[in-house]
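Given next are the chains, with one letter for each unit.
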Amino acid sequence: MLLTITTTHSPATDLGFLLHKNPDRVHEMDLSFGRAVMFYPEANENRTTFAMLLDIDPVALVRGKNKTSQGLFDQYVSDRPYVASSFLSVAIAKSLRNALGGTSKERQGLADTPIPLTARVLPVPVRGDEDLVARLFEPLGYDLVSEPIALDDKLSYLGESWDQSPYVALSLSGTVRLRDLLSHIYVLIPVLDKRKHYFVDRHELEKLIKKGESWLGAHPEKELIANRYLRFKRSWAREVLMRLAIEDIIEEEAAESQATQSETPDPVEPPKDAAEAELERPIRLHELRLDTVAQKLQELGARRVVDLGCGSGKLLKRLLAERMFKEVVGIDVSTASLENAARRLRLENLPEQQKGRIKLLQGALTYRDRRIEGFDAAALVEVIEHLDADRLAALERAVFEFAQPEHVIITTPNREYNAKFEGMEPGQLRHADHRFEWTRKEFARWAVPVAERFGYGVEISGIGEQDPTCGAPSQMAVFSRV
Ligand code: SAH
């Protein structure tokens, strides 16, 4: 079983830093089921390839601790020793732990950057429809080559028919962060295979959430992926999808309201009647929030705006419709969200002049990113509450210390108002992916010191109708450099 990863991003030998494996040496790692041997068949400035050869011990499989699952190893003859399967995922997690986690001691910037990468994995057992491979990998932005591998004598024992070999050599190419490539392989190879060499417990559910965090929630085949990954424990799959769903419930309401609109208005020239109709419809909170932010950006006189955590591009669409915004950049960690944004903005059909005003970038907000420096204003609409408390400090630095826009607009839910939502348990958050929701006091206690620390002034206000005790449903802080 072989996995290779090639990059042409110069100097390509930096791949060694990303994988924490020196290209000049052969690396070996003992695993409970065999051994991983890692080396670089080529390593030069222009092109470097890393290879992991997985040597699975068939005898250890039968005797060892891996004997737990579904009678897979009740015989010596099994395809497991020869194919890329959940063993590969375990090998990646154990041997390439830092790379999978997205950290690099020597090249953190590069680890956070999408670079041209090609992975080859073989042989991969594919059990399902013919187009399964494409359905799983293409939405993630890969160019795909899947070549069938004819069965040899060993594999034909397994009752697979000769003319329908389930095995393919898979090649995935794209401009992605290494951690994303690895997490895609980690999750999706066992999904293609439908089998697991170990018992699936709740631990697996947490693993899937962690590995799928940045992409699974927006994947069109997320149900299939979660179901197969969790060996068809459907309630767990549902739980994963709920916790992963990136946009909050209010967001979904907004989408529904949009679906009822007969035609999406042209993003460049919103017809006035559509806007009127919008007014007459009961105000939806997320729409109100986006309108408020767009309005505020106009009042501030911003010309160049970056939307941090732009999601599916709803704010970008509003900004593009106003000529005063000369340059609009959306950045998000999720490729799937960016694709939705490109669709919503109809990027492909925009006239050249409009195309020049908008750019979508993939990136993480918790690292310094020179592409977001020097803007008049940055917006973070319903983003901060998706970050773990310890990552929030990193975001503060990335935005206020490094990117340093003239103005920063941040919105976040007001937790006090949750009491007004029907059917919400006390203490429950609006969305399962929210790491926190702040009261008005908590938001101020965060925003004011942040402003002071980085040389900004801040004004906080509510969005939506004020309730006398709970305040407004949403809150907004507008920071301006002093
Ligand atoms: N601003 C959008 C989307 C809000 S949902 C709107 O109001 O409609 C939160 C968004 O933040 C998601 O698209 C998610 O992918 C993105 N996000 C969360 N953490 C991020 C991070 N660390 N870096 C970049 N984007 C992030």
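Look above for the structure.
Below, the structure is looked at part by part. No experiment lies behind these values; they were computed from the predicted model shown. (Residues numbered from 1 in each chain as written. Predicted model: local features only at pLDDT ≥ 70, side-chain atom pairs only at ≥ 80, totals over all residues. Heavy atoms only, no water.)

**Re the overall build of the protein**
Inference 1: Summing up its helical and strand segments, the protein has 19 helices and 14 strands in all.
Inference 2: When each of the 482 residues of the protein is scored for burial, the buried share is 51%.
Inference 3: Counting contacts in the protein only where the partners sit at least 6 residues apart, residues at least 24 apart contribute 73% of the total. (Helix = DSSP H or I, 4+ residues; strand = E, 2+ residues; numbered from the N terminus. Buried < 20%, exposed > 50% of the residue type's maximum accessible area, 1.4 Å probe, protein only. Contact = heavy atoms within 4.5 Å.)

**Points about the packing of helix 18 (residues 389-403) against helix 19 (residues 440-454)**
Inference 1: Packing of helix 18 against helix 19 brings their axes to within 11 Å, and their N-to-C directions diverge by 45°. In terms of their interaxial angle, helix 18 and helix 19 are classed as oblique. Considering the relative orientation of helix 18 and helix 19, their crossing is right-handed. Across the interface between the two elements, Leu392, Glu396, Arg397, Phe400 and Glu401 of helix 18 pack against Trp446, Val450, Arg453 and Phe454 of helix 19.
Inference 2: Counted by class, the contact of helix 18 with helix 19 contains 5 nonpolar, no polar and 4 charged residues. (Axes fitted to C-alpha atoms, helices over the stretch in contact; angles between N-to-C directions. Parallel < 35°, antiparallel > 145°, perpendicular 65-115°, else oblique. Left-handed = near helix turned anticlockwise from the far one by under 90°. Nonpolar A, V, L, I, M, F, W, Y, C, P; charged D, E, K, R; others polar.)

**Here we look at the site of the ligand**
Inference 1: With respect to spatial proximity, 18 residues lie near the ligand, and among them His286, Gly309, Asp332, Leu365 and Val381 are the closest.
Inference 2: One nitrogen or oxygen atom from the side chain of Asp332 is found 2.5 Å from an oxygen atom belonging to the ligand.
Inference 3: At 2.9 Å, a backbone N or O of Val381 approaches a nitrogen atom of the ligand.
Inference 4: Contact with the protein chains covers 93% of the free accessible surface of the ligand, which is 570 Å².
Inference 5: A per-class count over the shell around the ligand returns 8 nonpolar, 7 polar and 3 charged. (Near = heavy atom within 4 Å. Polar contact = N/O pair within 3.5 Å; in protein donor to acceptor, adjacent residues only side chain to side chain. Areas by Shrake-Rupley, 256 points an atom, 1.4 Å probe, with all protein chains shown as cover.)

**What about the packing of aromatic side chains?**
Aromatic ring pairs are defined here through the distance separating the ring centres and the angle between the ring planes.
Inference 1: Considering all chains together, one arrives at 11 aromatic pairs under this definition.
Inference 2: Chaining the aromatic ring pairs together yields one cluster made of Phe400, Phe436, Trp438, Phe443, Trp446, Phe454, Tyr456 and Phe479.
Inference 3: Here the guanidinium or amino end of Lys211 rests over the ring plane of Tyr186, the centre of that ring lying 4.7 Å away. (Phe/Tyr/Trp six-rings, centres within 6.5 Å; stacked < 30°, edge-to-face > 60°. Lys NZ or Arg CZ within 6 Å of the ring centre and 35° of its normal.)

**Considering the pairing of strand 12 (residues 407-413)**
Inference 1: Across the 7 residues of strand 12, 7 count as buried, placing the element largely inside the fold.
Inference 2: Neither face of strand 12 is left uncovered, since the one carrying His407, Ile409, Thr411 and Pro413 and the one carrying Val408, Ile410 and Thr412 both have all their residues buried.
Inference 3: In terms of strand pairing, strand 11 (residues 377-381) meets strand 12 through 5 bridges, oriented parallel. Counterpart to Val381 in the pairing with strand 12 is Thr411. (Pairing = 2+ DSSP bridges.)

**With respect to the packing of helix 8 (residues 178-193) against helix 9 (residues 202-212)**
Two measures define how a pair of helices packs: the angle their axes make with one another and the distance between the axes.
Inference 1: Relative orientation of the contacting elements helix 8 and helix 9 amounts to 145°, with a least axis distance of 9 Å. When you trace helix 8 past helix 9, the crossing you get is left-handed. Listed contacts from helix 9 to Ser183, Tyr186 and Val187 of helix 8 are Lys207, Leu208 and Lys211.
Inference 2: Across the contact of helix 8 with helix 9, the residue classes tally to 3 nonpolar, 1 polar and 2 charged.

**Some points on the environment of Thr411**
Inference 1: Relative to the helices and strands, Thr411 resides in strand 12.
Inference 2: Separated by 26 residues in sequence, Thr411 and Glu385 have C-alpha atoms that sit 9.4 Å apart.
Inference 3: Once residues within four sequence positions are removed from consideration, Thr411 is found in contact with Arg289, Val293, Leu380, Val381, Glu382, Val383, Glu385, Ile463, Gln475 and Met476.
Inference 4: Polar contacts involving the side chain of Thr411 include one to the side chain of Glu382, which spans 2.7 Å.

**Considerations on the sheet that holds strand 9 (residues 327-332)**
Backbone hydrogen bonds hold the strands of a sheet together, and the pairing may be parallel or antiparallel.
Inference 1: The strand order across the open sheet formed by 7 strands is 10-9-8-11-12-14-13, and the pairing between neighbours is mixed. Here the strands that pair on one side only, and so sit at the sheet edges, are strand 10 (358-362) and strand 13 (456-463). Each adjacent strand pair in this sheet contributes to an overall mean axis angle of 15°, direction not counted.
Inference 2: Here 5 bridges tie strand 8 (residues 304-308) to strand 9, and the two strands are oriented parallel to one another. By the bridge assignment for strand 9, Asp307 is matched with Gly330.

**A few points about helix 18**
Inference 1: Between its first and last C-alpha, helix 18 extends 20 Å over 15 residues, near the 21 Å set by a 1.5 Å rise per residue.
Inference 2: Within the sequence span of helix 18, burial applies to Leu392, Ala394, Leu395, Glu396, Ala398, Val399, Phe400 and Ala403.
Inference 3: Tucked inside the fold, the buried residues of helix 18 contact strand 8, strand 11, strand 12, helix 19, strand 13 and strand 14 (474-481).
Inference 4: Backbone geometry just downstream of helix 18 places Gln404 in the positive-phi region, at approximately 45°. (Expected span 1.5 Å × (residues − 1).)

**Remarks on the side chain of Thr6**
Inference 1: If you trace the backbone, Thr6 turns up in strand 1 (residues 2-7).
Inference 2: Looking at Thr6, its side chain comes within polar contact range of the side chain of Thr49, at 2.8 Å.
Inference 3: In this view, Thr6 contacts Glu42, Arg47, Thr48, Thr49, Pro116, Leu117 and Thr118; residues no more than four positions away in its chain are not counted.

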